[in-house]
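Spelled out, the chains give:
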Amino acid sequence: MREILAQLQAADDLVAGAARTPVGRLRLTCPQEFGRIHIAPILTEFLDRFPGVKAEVLMVDRIVNLVEEGYDIAVRIGHLPPSNLTALKVGEVRRVVCGAPDYLKARGRPDVPTDLASHRLIAISGAGPALAWRFGRDSMTTVAIDPQLTMTSVAASIEVARQGWGLCRALSYQVAEDLDTGRLEIVLEDHEPAPLPIHLVHHEGRRAAAKIRSFIDFASEKLRQISVLQP
């Protein structure tokens, strides 16, 4: 009897150990630029720590249905609708309008959102119509825009602004390095909408596998250490 009990205990210990140890394939989805700048380096460090995990990342600027498309974790930027998903807030970002110093010197700085009508604007399409930008803490001030250039690439639109061609609108983390080095400057800062929250989202709840729980814990700690993502 003792031998049987010992065998049962050993089996329980083996199952419990597997549940505690991150192993298996981890499927993540995140916005393209956020993934490139922040998630990729965090993920490779996580994989170095847990070699039993293999990861697959879908970087796409759309809302991925975790259950239907078979993903474990999503990084979501923006306010979340009601759902049964488990969400952990890890930071927030601002929506900023920015331009190169040479452009602002030549064309002047807009003082209020309606001043954008006299500027060359670079809009980003693909995430919805680029015909209006919202301003104000309640996002109730809507300014119609007539961009001379519309692009599907966030990185390309920022590069065009960096070269001094016009003003672009981006999320603050996307231009953080440019702001630090002075390649770009923020305008209309007093008219910005409220920041957008960043969440790590999954659908397993408390039953989440070790690979999911461990990555959530690891990534949330790393993201909260990034100053540009914190209020």
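Preceding this paragraph is the structure being described.
Thresholds, definitions, all that
In this convention, every chain numbers its residues from 1, walking through the sequence in written order. Reporting in this predicted model follows two pLDDT cut-offs: at least 70 for local features of residues, and 80 or more for side-chain atom pairs to be given and counted; totals over whole chains, interfaces and linings ignore these cut-offs and use all residues. The side-chain values count all of the structure's non-hydrogen atoms but skip hydrogen atoms and water molecules. A strand pair is defined by DSSP finding two or more bridges across the two strands. Only DSSP runs of H or I with at least four residues qualify as helices, and only runs of E with at least two residues qualify as strands; both kinds are numbered from the N terminus onward. The axes used here are C-alpha line fits, helices contributing only the stretch in contact, and every angle between their N-to-C directions lies in the interval 0 to 180 degrees. Every case where a carboxyl oxygen of Asp or Glu lies within 4 Å of a side-chain nitrogen of Lys or Arg is listed as a salt bridge. Throughout, exposure labels follow a simple rule: accessible area from a 1.4 Å probe, protein chains only, divided by the maximum for the residue type, with under 20% read as buried, over 50% as exposed, and the rest as partly exposed. Here roughly perpendicular refers to angles of 65 to 115 degrees, roughly parallel to angles under 35, roughly antiparallel to angles over 145, and oblique to all remaining angles. Note: crossing handedness is left-handed where the near helix turns anticlockwise from the far helix by less than a right angle, and right-handed where it turns clockwise. Here a residue-residue contact requires only that any non-hydrogen atoms of the pair lie within 4.5 Å. Under this grouping Gly is polar, as are all residues other than the nonpolar Ala, Val, Leu, Ile, Met, Phe, Trp, Tyr, Cys and Pro and the charged Asp, Glu, Lys and Arg.

Caption draft 1: Focus on the sheet that holds strand β10 (residues 167-171). Strand order in the open sheet made by the five strands is β9-β6-β10-β5-β11, with mixed pairing throughout. Of all the strands in the sheet, just β9 (149-151) and β11 (185-187) have a single pairing partner and so form its edges. This sheet shows a mean twist of 40 degrees between the axes of neighbouring strands, independent of strand direction. Bridge count for strand β5 (residues 95-99) against β11 is three bridges, and the pairing is antiparallel. If you follow Cys98 over to β11, its bridge partner there is Ile186.

Caption draft 2: Molecular detail of the pattern of salt bridges. Across all of its chains, the model carries twelve salt bridges by this definition. Close ionic contact of Arg62 with Glu69 constitutes a salt bridge, the shortest N to O distance being 3.0 Å. Here Glu69 falls in the partly exposed class, since its relative accessible area comes to 31%. Look at the salt bridges and you will find they share partners, linking Glu159, Arg162, Glu177, Asp178 and Arg183 into a network.

Caption draft 3: Examining the packing of helix α2 (residues 32-49) against helix α7 (residues 210-224) more closely. Viewed as axis vectors pointing N to C, α2 and α7 meet at an angle of 125 degrees, and their least axial separation amounts to 10 Å. Compared by their axis directions, α2 and α7 come out oblique. By crossing handedness, the relation of α2 to α7 is classed as right-handed. Contacts between α2 and α7 pair Phe34, His38, Ile42, Leu43, Glu45, Phe46 and Arg49 from the former with Lys211, Ser214, Phe215, Phe218, Ala219, Lys222 and Leu223 from the latter. Here the contact of α2 with α7 is built from residues that sort into eight nonpolar, two polar and four charged.

Caption draft 4: Quick look at unusual backbone geometry. The phi dihedral of Ser139 is positive, around 55 degrees, even though this residue is not glycine. Mapped onto the secondary structure, Ser139 falls in the loop between β7 (132-135) and β8 (141-144). For Leu188, which is not a glycine, the phi torsion comes out positive at approximately 60 degrees. Its location among the elements puts Leu188 in the loop between β11 and β12 (196-202). Classification of Leu188 by relative accessible area gives buried; the value is 6%.

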